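Analysis of the macromolecular model
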Amino acid sequence: MGWGGVNLGVMRETSIPAPQARRKDKRKPSGGDIFLNIRAFLAALLAAACVCTYVIDVPALAALPAADKKKTDPVLKGLPITELNEDEAVQHALNRLAYGPRPGDVERIKQMGLAKWIDEQLNPKSIDDHAVETRLSVYPTLTMSSARLMTEYPNPKQAEKKAERTPVAPTREQAAQSQADAAITAMSREMDASGGTNGEGNGSDANGTMVANASNTDVPSPMKMNPATPGAGQRGALSVDPNAVPRAIADDSKRPARVVEELAMAKVTRAVYSERQLQQVMDDFWFNHFNVYAQKGEVKWYLTSYERDVIQPNTLGKFKDLLTATAKSPAMLFYLDNYLSADPRAAERQAQQRAMRQAMRRGPYGYPPRPQPQQGQKKKQERGLNENYGREVMELHTLGVDGGYTQKDVTEVARCFTGWTIEKPREIATFKFDEKLHDPDPKVVLGKKIHAGGMKDGEQVIELLVKNPNTAKFISTKLARRFVSDTPPEALVARMAKSFQKSNGDIKEVMRTMIYSPEFWSKDAYRAKIKTPYELVVSSVRALGTDVDTPMPLVQWVGRIGEPLYQCQPPTGYSDKAEAWVNTGALLSRLNFSLALAGNKVRGSRSDVNAVLGSDSGSDAKEALDRAVQVFLVEATPGTVDTLQKQLDNPQVVQAKLDDPVKQVDLGVVTGLVLGAPEFQRR
């Protein structure tokens, strides 16, 4: 299972309340009792997961009788699928090329054919996505330029100056903003009316978990917290109530944090509702590949344009176009400091040119020269070479750490990109090439002379890197690791790299090569990947068919589990390997989220478990569990099924007091436990 080595003896009480002494009188189990039992459930389930292998263990699911039938199955026609049956193949496609199935997706794909669905996903513009765009229209920041965002959502000092001006009539965007603010403020008031405190700034969330009260000003917003090491479950985010409304949304819509928070809400909304699922998966993949950190300086105002204008239009296009767009993006230029990089001799050259102009203006009679700056002032004004981007563009964006380049190549690439800067970073914030800062001398990168001149030096480097075989291998390896397994087959990577080179870096063709390879549909690849926190939250919402009115609590749950959106500080981006996400604290948070979502304890999200499982599933606990396993897991190990069945005796599952007869099965608890099972944590 890949979850071995988890020390179940170090579960922290920050996620699970202390045991309550049982009263002698009959009572309905409390939220604390539920989570104490869940602790035992998780321990048993993980123990079983460490020793069991996947086998079909649900009576309602029957494997196809023979391999010959798989080959001729019309649903799988045109695909190299021999090891998976029809249900497994469709689920596999939805879990890898999408964020998991929504109710009805499996049946729809079976009707149209899996290959046709894949072809549509590879051509996202052919899919009508008007419905999700309508949902996003309540976030006016998504359509604004970086300059407009800095004006509308300035730093606090700038906002104070703006408040002194005479108010003007609201624009259409401001009216839409007010409408969104009103809805969110109403939710905030509801939270204040229903939430309790213990007098010390702490309270309990809907699950009985101890959390920081929303009114505690010492607790930072999840969007402002320092980034944690990917997968660190015992983060400070555990002390923040995911249902609390961030101040930037509830109190002051003109805070700069609002820009990032709306972007995060839009990202979750697209992942949940967009029909262009592969487009959203690729957007997340490329953002991590070309990662920038929201909390560095002005980047927060550049992020919206970065994702909207740089990443999203190029997710399935030419890699060269994507690389060029990121190199010119103010977000990347600022994040890796290339906007400050200049030829160290540029200041000296400019001083000499000024002196020559002054000499020409003086003429034969001359006039006193201007006073020269003192030595300290001169050093402050000079700008030097910054190698950050030169290193990362080779190590992380193209060739890979073993791509055959040297430190000398890093310096030479940095010289090629001198002058690639930002036009007025705090006002206009657009790409600008400044010839005065560029190093005009010849350079040598990877043994090739670069002397095209001006901005073309950097463009020539991009062309050189894109055509390098190491880039083809590195990008293919990362794609295969994201979509196939943590250790993708070398033969598959080789075919993908060949396709990359043959198509001049056409990402769609590389993806097509991968998807139409037997390795993608092998048993070894099936459920071989652990979902990241973001993937888990989105796939759970999709699986339940949850109606999401306010996605901010979901955004905060993603951060609570360990992956705060747009908050990864290292340029590597968030990892998609299992080792980054499997630890005790993270697993507890995942289970807490599953129970909260299925039990309708996540604000702004409403799940109808009865509709998903069937209205007749609530009369018998065993039937309800079998149905939930069939719907959400498709297949489960004997250990998982046995552990889940043992939970059916708990009073909270059957909504009865300790010695009362069974009245009604709590389908929310049953579903939450199933969504917390190891099989659902995998994709």
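Preceding this section is the structure that the text describes.
In this report, we go over the structure that sits alongside the text. Predicted model, so just to flag it, every value in this text is computed and none were measured.

**What about the packing of helix 21 (residues 469–483) against helix 23 (residues 507–515)?**
- The geometry of helix 21 relative to helix 23 is characterised by a closest axis approach of 11 Å and an angle of 50 degrees between their N-to-C directions. Accordingly, the angle class assigned to the pair helix 21 and helix 23 is oblique. Like other packed secondary-structure pairs, helix 21 and helix 23 cross with a definite hand, here right-handed. For the pair helix 21 and helix 23, the contacting residues are Ser476, Leu479, Ala480 and Phe483 in the first and Val510, Met511 and Met514 in the second.
- Per-class residue counts for the contact of helix 21 with helix 23 are six nonpolar, one polar and no charged.

**Quick look at the pairing of strand 3 (residues 420–423)**
- By the bridge criterion, four bridges tie strand 3 to strand 4 (residues 430–433) in an arrangement that is antiparallel. Note on strand 4: the bridge partner recorded for Trp420 is Phe433.
- Between strand 3 and strand 4, which follow one another and run antiparallel, lie six residues, and Lys424 among them has a positive phi close to 45 degrees.

**Some words on the packing of aromatic side chains**
- Evaluated as defined, the whole model comprises 16 aromatic pairs.
- Ring centres of Phe287 and Tyr566 lie 5.1 Å apart, and the angle between their planes is 85 degrees; this geometry places the pair in the edge-to-face category. Of this pair, Phe287 sits in helix 12 (residues 277–289) while Tyr566 sits in the loop between helix 25 (552–561) and helix 26 (584–598), and the two are 279 residues apart along the sequence.
- Taking the relative accessible area as the measure of exposure, Phe287 reaches 5% and is therefore buried.
- With relative accessibility at 5%, the residue Tyr566 sits in the buried group.
- A centroid spacing of 5.4 Å and a plane angle of 65 degrees characterise the contact between Trp420 and Phe431, whose relative ring orientation is edge-to-face. Within this pair, whereas Trp420 is found in strand 3, its partner Phe431 is found in strand 4, the two being separated by 11 residues in sequence.
- Of the residues examined, Trp420 reaches a relative accessible area of 0% and is grouped as buried.
- Within the aromatic cluster, the residues linked to one another by ring pairs are Phe285, Trp286, Phe290, Phe319 and Phe500.
- Directly above the aromatic system of Tyr153 lies the positively charged group of Lys254, at a separation of 4.7 Å from the ring centroid.
- The ring centre of Phe680 lies 3.6 Å from the NZ or CZ of Lys531, which sits over that ring.

How each quantity is defined
Residues numbered from 1 in each chain as written. Predicted model: local features only at pLDDT ≥ 70, side-chain atom pairs only at ≥ 80, totals over all residues. Heavy atoms only, no water. Axes fitted to C-alpha atoms, helices over the stretch in contact; angles between N-to-C directions. Helix = DSSP H or I, 4+ residues; strand = E, 2+ residues; numbered from the N terminus. Parallel < 35°, antiparallel > 145°, perpendicular 65-115°, else oblique. Left-handed = near helix turned anticlockwise from the far one by under 90°. Contact = heavy atoms within 4.5 Å. Nonpolar A, V, L, I, M, F, W, Y, C, P; charged D, E, K, R; others polar. Pairing = 2+ DSSP bridges. Phe/Tyr/Trp six-rings, centres within 6.5 Å; stacked < 30°, edge-to-face > 60°. Buried < 20%, exposed > 50% of the residue type's maximum accessible area, 1.4 Å probe, protein only. Lys NZ or Arg CZ within 6 Å of the ring centre and 35° of its normal.

No statement about biological role is implied by the geometric values presented.
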